[in-house]
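Coordinate analysis (summary)
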Amino acid sequence: MKRLQQNGASVIIMVLITFTVISMIVGVVVFRTLNNYHTLVQISSWQEALLAAESGNDTGMAALRATLSDSNNAWNGWSTADANGNTLANSGRTCAVSNITHTGEGNSQLNATVTVDAPAQLIDSSGRQWYRIRATGITYLPGNTKLIGPDKRDHLLRRLSLVWDRKTGTRVMQPQATRLIEVIAQPVAFQNALVAAGLIQLNNYNIVIDSYDSRDPSKSTNGSYDPAKFQQNGDVATDGNVIDAGNAYIYGDASTNAGAVINAAHVTGLQRTDFYQDLIPVQRPSWTVINGNYGDIVNNMTLVGGSQSNPQRYKLSSVKETGNNVLSLAPSAPGVESYVEIWITGDMNLQGNGEIELQPHVHAKIYVEGNMAINGNGFINDSSQAPYLEILGVHPDDGASRSVTLTGNGSFIGALYAPNADVVLSDGGTNGTYCGSIVAKTITMNNHTAVHYDEALGDAPFLTDYKIASWFEDNK
Amino acid sequence: MTHFFQGRHAFSKIAAFTLVELMMTTVVASLIIASLVSAAIAMQRNLAAGDDYATAKCDQMRVSDYLALDLRRALTVTSGTNAGTLLVLTIPDYYDSNKQPRVPTISNDVVNYGSAIAPVTVLYTKSGSSIYRQEGSNAATEIASNVSDFQISVQDLNKVVKTQIIFAPQFSRPSSADARLATTVFNTTLLRNKRRDRS
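Residues numbered from 1 in each chain as written. Chains lettered and ligands numbered in written order. Predicted model: local features only at pLDDT ≥ 70, side-chain atom pairs only at ≥ 80, totals over all residues.

Details of the overall build of chain B
The secondary structure content of chain B amounts to three helices and 10 strands. Listing the helices and strands of chain B from first to last along the sequence gives α-α-β-β-β-β-β-β-β-β-β-α-β. A total of 199 residues make up chain B; the buried ones form 20% of that total. Once local pairs closer than 6 in sequence are excluded, the contacts in chain B between residues at least 24 apart make up 47%. (Helix = DSSP H or I, 4+ residues; strand = E, 2+ residues; numbered from the N terminus. Buried ≥ 20, exposed ≤ 12 C-beta atoms within 10 Å, placed from the backbone. Contact = placed C-beta atoms within 7 Å.)

Structure follows, in structure tokens:
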């Protein structure tokens, strides 16, 4: 019996040793597997945080762009104070992007906070304000774990906030990965000679599209286009698939949206397929002060401008000038830079010798809800500077297309932004010239017409959009 | 008699196994132990293989993430000019001397952080089988090991960068060319600061 008891004790010891060894092996396996698991979910969470931050930047860009089309509601949901109630610097605004959730293993929720501000350092030489957008994307580490991966090289790249927020130093509610992206948004005006949402059709090889710069004497003469000084930045682009260049002379790039440029024998620049520009629709003005409703303008009339900070605003039912009748846009006093804004709720029709005269020193912005037909020298820009005239085609309520036609032997100097209009430059003679830039739904050019893009429009105070000028991820 | 048989019975309890039983037990035990040892070795190899795989994967993800991070914010990108240098790029000088973000300025429609002519240089080099990354004047740090080959191509008018990294698998027997090729990591990044809509 004594020997039997000794054997029993040995068995227990052996069992304990075996159990201990197996437990240690299992422990090592579990520990290493968990380490690998945590590292991988931290990697994926960190990568998803970038998506959240980019969503925040998109939200900021969308709000900025909304200021161009719906300024009254662009900042709905945004706050001008931080979480502690302090007013944000640089006229800043902030908002939290709605949670984005998804199913699957690992992190399943993305958050983002975004701030848009306007530091004084971001005012360019043209006086335009650029904006800074800072978006932080946040994802939560699954399992609420505070374990960090074993490889120190990962910590330098993927800086996680397991207990303390690495930027603010405050305690975090949940272990998280955060990434911060700073974007600088640049206000842009007219960047190309022609931009269309759809087809661009050039129907004659005598058509010429090129550029000049009314600010630069080496690229223009007295601010006007000079064939001897032409430039090759007359870019043509469409959001659609086709540009029919008609073997016309395009001194610049021709870009489509995954489409093709056909009959492009005389395109001197690049032919690209990666163009897209969301053409922001033009809303009706929401002016609170108007100089009165002048009804239909069919006779001689003069509208006087005001200062830049207080432009004079007029609302007209339509403009239909024929015969020798002239609608004059005059400065507040001779030689004084003046600003006038006109809202035409109907058509603008200039036929025969009827015309609109934009007198020297007058800057005009004209909103047109109806169709436009300009014949010959129907619109005279006395300053010969395209940045002095901007015509905006208001987005129609019914969504139907509007028409814009320029005919005759005259010339037109100005910028046209009408994303819902079919524009036709149809010279009836031999010398139809357009100096400026056109943005429209479709663009058709016939006969001997020419478009000379004024590069000064790129810096003009006509905002048509914002674009990302700088992108940086703050990874400290 | 009664005592004799009681004594025999007690002896038989202590000496229950015959030689045949012992041999059979030994054989069975040997088989069990051999199986356990084999299983333990296989498990160990599996664990090591899994661990190596995870380590290699982390290396691949790290170098890919570093490249993507730097390329996205790059101002310029240049392929390496010698065998050791893989990639040279510049990024905005975003931080001031106190390591705080700068407010940029605008000059000729270009955004500048700090000096317009002195961006921060980021250098990717390869030494042996390791890839190193050096940002500015900081010391170079190893970001991946067991790298066999690194290739880079700049495409789409210098606006898209594609990189291709082939690793040398640690746990592969034999480490054939196919096995190495299977570890290739591709990275395609659009240079955000050289967008299509910028000249």
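Details of the pairing of strand β2 (residues 85-91) of chain B
All names here are of chain B. The pairing of strand β1 (residues 76-79) with β2 spans four bridges and is antiparallel. Bridged to S79 within β2 is L87. Strand direction decides the pairing type here: β2 and strand β5 (residues 120-127), joined by six bridges, are antiparallel. If you follow T85 over to β5, its bridge partner there is T125. (Pairing = 2+ DSSP bridges.)

Quick look at the environment of B:D93
Residues and elements named next belong to chain B. Along the chain, D93 turns up in the loop between β2 and β3 (105-107). Spatially, the C-alpha atom of D93 lies 24 Å from that of T188, the residues being 95 residues apart in sequence. Apart from the residues within four sequence positions on either side, D93 is in contact with Y113, G114, S115, A118, P119 and V120.

Regarding the sheet that holds β2(B)
Residue and element names in this part refer to chain B. The antiparallel open sheet is built from five strands, whose spatial order is β1-β2-β5-β6-β7. Strand pairing shows two members of the sheet lacking a second neighbour, β1 and β7 (141-144), which therefore form its edges. Strand-to-strand twist of the sheet, defined as the mean angle between neighbouring strand axes without regard to direction, takes the value 20°. Looking at chain direction, β5 and strand β6 (residues 130-135) are connected through six bridges and run antiparallel. Across the sheet, the residue bridging to T125 is Y132, located in β6. This element, helix α2 (residues 19-72), spans β1, β2, β5, β6 and β7 of the sheet and lies at about 115° to β7. (Axes fitted to C-alpha atoms, helices over the stretch in contact; angles between N-to-C directions.)

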